[in-house]
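Fold and contact review
Spelled out from the first residue to the last, the chains are:
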Amino acid sequence: MVSKLGHCLNDLLFRWSTGSLNIEVPAVVSNHTDLAPLAAAYGIPFHHIPVTPDTKQQADARLRELVGELDIHLVVLARYMQVLSDDFALSLPDRILNIHHSFLPSFKGAKPYHQAFARGVKLVGATAHFVTPELDEGPIIEQDILRVDHRLGPEELVTAGQEIESRVLTRAVRWRTDNRVLLNGDRTVVFS
């Protein structure tokens, strides 16, 4: 699942297409149509499920239908910028992965890398975790950081952050699909 930013989806699809990820990709689902051409380039069916405050319940129902129809074992939020319903999250325990920048809770909302630049951050990073009803609080699977300094402007921080997000999400997907991730309460154990 993806919204408008395609860096994580592109990395996953490229690695899947080259055989370096042991996954099947039966569909790409988005609340926008921006990345339909990317899915088409890889020959993956694209499903547009728009989400507004008025259609959120219908979108959730359609998403549940797709998961069932396509026999989905793992849902990957590759920069999907909608909050999933608690019921949906609970219906697929340890089967939904999310990625986000590691500024939370410091820089929430729009343009977190620009906010970070304005504050002079020295590290950018990303966290991949399981999705739970508590927003961005699920058990962490993987994290990574990159030291940055004043030479990087806001757009360079965005690029650095996107590269880390892609790497971290791909590792989390690989480890989860290789059955190397074990949930232990609110934590994970990742076997090497």
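Each remark here, short or long, concerns the structure printed above.
All values derive from a computational prediction rather than experimental measurement. Along each chain, residues carry numbers from 1 onward, in the same order as the chain's sequence is written. Predicted model: local features are reported for residues with pLDDT of at least 70 only, side-chain atom pairs are reported and counted for 80 or more only, and whole-chain, interface and lining totals are derived from all residues. Here the side-chain values reflect all heavy atoms present in the structure, with hydrogen atoms and water set aside.

Considerations on the overall build of the protein
Across its full length, the protein carries 6 helices and 8 strands. Helix numbers and strand numbers start at the N terminus; a helix is a DSSP run of H or I with at least 4 residues, a strand a run of E with at least 2. The order of helices and strands in the protein, counted from the N terminus, is α-β-α-β-α-β-α-β-α-β-β-α-β-β. When we talk radius of gyration, it's over C-alpha atoms, and the globule rule is simply 2.2 Å times the number of residues to the 0.38. Taken against the 2.2 N^0.38 rule, which gives 16 Å for 192 residues, the C-alpha radius of gyration of the protein at 16 Å falls within 12% of a compact globule. In terms of its C-alpha atoms, the protein occupies a principal-axis envelope of roughly 50 × 40 × 35 Å.

Concerning the packing of helix 5 (residues 112-119) against helix 6 (residues 154-177)
Between helix 5 and helix 6, whose axes approach to 9 Å, the crossing angle comes to 125°. In terms of axis orientation, helix 5 runs oblique to helix 6. Considering only the axes of helix 5 and helix 6, their crossing is right-handed. Where helix 5 approaches helix 6, its residues Tyr113, His114 and Phe117 are matched on the opposing element by Pro154, Glu155, Leu157, Val158, Gly161, Gln162 and Glu165. Polarity classes work like this: nonpolar for Ala, Val, Leu, Ile, Met, Phe, Trp, Tyr, Cys and Pro, charged for Asp, Glu, Lys and Arg, and polar for all others, with Gly in that last group. Per-class residue counts for the contact of helix 5 with helix 6 are 5 nonpolar, 3 polar and 2 charged. Axes here refer to lines fitted to C-alpha atoms; in helices the fit is confined to the stretch in contact. Angles between the N-to-C directions go from 0 to 180 degrees. Each angle gets one of four labels, with under 35 degrees taken as roughly parallel, over 145 as roughly antiparallel, 65 to 115 as roughly perpendicular, and the rest as oblique. In this scheme the handedness of a crossing depends on how the near helix is turned from the far one: anticlockwise by less than a right angle means left-handed, clockwise means right-handed. Only heavy atoms matter for contacts: two residues are in contact if any of them lie within 4.5 Å across the pair.

Re the pattern of salt bridges
Definition used for salt bridges: Asp or Glu carboxyl oxygen within 4 Å of a side-chain nitrogen of Lys or Arg. Within the structure shown, the criterion is met by 9 salt bridges. Aspartate 60 serves as the salt-bridge partner of arginine 64, at 3.0 Å between the closest nitrogen and oxygen. Taken as a pair, arginine 64 and aspartate 60 lie in helix 3 (residues 56-69) at a separation of 4 residues, close to a single helical turn. Owing to a relative accessible area of 34%, arginine 64 belongs among the partly exposed residues under this scheme. Accessibility here uses a 1.4 Å probe with only protein chains present; expressed as a share of the type maximum, an area under 20% marks a residue as buried, one over 50% as exposed, and anything in between as partly exposed. Residue class for aspartate 60 comes out buried when judged on its relative accessible area of 15%.

Things to note about the nonpolar core
For the purposes of this section, nonpolar cores are sets of buried Ala, Val, Leu, Ile, Met, Phe, Trp, Tyr and Cys residues that join through side-chain atoms within 4.5 Å. The biggest cluster of nonpolar side chains holds 39 residues, and the ones touching the most others in it are Leu9, Val121, Val124, Leu169 and Val173. At the level of secondary structure, the elements contributing two or more residues to this core comprise helix 1 (7-17), helix 2 (36-41), strand 4 (96-101), helix 5, strand 5 (123-130) and helix 6. For this core, the element with the most residues is helix 6, which contributes 9 residues. With residues up to four places along the chain from it excluded, the contact list for leucine 169 reads Cys8, Leu12, Val76, Leu77, Ala78, Ile99 and Ala128.

Remarks on the pairing of strand 8 (residues 187-190)
Across a regular strand the side chains alternate sides, sitting on one face of the sheet and then on the other. DSSP calls a pair of strands paired once it identifies at least 2 bridges connecting them. Strand direction decides the pairing type here: strand 7 (residues 181-184) and strand 8, joined by 4 bridges, are antiparallel. Within the sheet, the bridge partner assigned to leucine 183 lies in strand 8 and is threonine 188.

Remarks on the side chain of glutamate 142
Counting through the fold element by element, glutamate 142 comes out in strand 6 (residues 140-147). Within the structure, glutamate 142 has its side chain in polar contact with the side chain of arginine 171 (distance 3.0 Å). With residues near it in sequence (within four places) discarded, glutamate 142 still touches Ala126, Thr127, Ala128, Val168, Arg171 and Trp175. Here a polar contact means two N or O atoms within 3.5 Å. Within protein one must be a hydrogen donor candidate and the other an acceptor candidate, and residues neighboring in sequence count only if both atoms are side-chain atoms.

Here's the deal with the environment of leucine 157
Its place among the elements puts leucine 157 in helix 6. In this structure, the C-alpha to C-alpha distance between leucine 157 and aspartate 87, residues 70 residues apart in sequence, is 35 Å. Residues contacting leucine 157, with those up to four places away along its chain left out, are Tyr113, Phe117, Val121, Val124, Val148 and Leu152.

Describing the environment of valine 51
Summarising the element assignment, valine 51 is placed in the loop between strand 2 (46-48) and helix 3. Residues valine 51 and asparagine 31, 20 residues apart in the sequence, show an inter-C-alpha distance of 5.9 Å. Not counting chain neighbours up to four residues away, the residues in contact with valine 51 comprise Asn31, Lys56, Ala59, Tyr80 and Gln82.

Considerations on the packing of helix 1 against helix 6
With their axes 9 Å apart at the nearest point, helix 1 and helix 6 run at an angle of 45° to one another. Considered as vectors, helix 1 and helix 6 are oriented oblique to each other. Between helix 1 and helix 6 the crossing geometry is right-handed. Across the interface between the two elements, His7, Cys8, Asp11, Leu12 and Arg15 from helix 1 touch Gln162, Glu165, Ser166, Leu169, Thr170, Val173 and Arg174 from helix 6. Partitioning the contact of helix 1 with helix 6 into residue classes produces 4 nonpolar, 4 polar and 4 charged.

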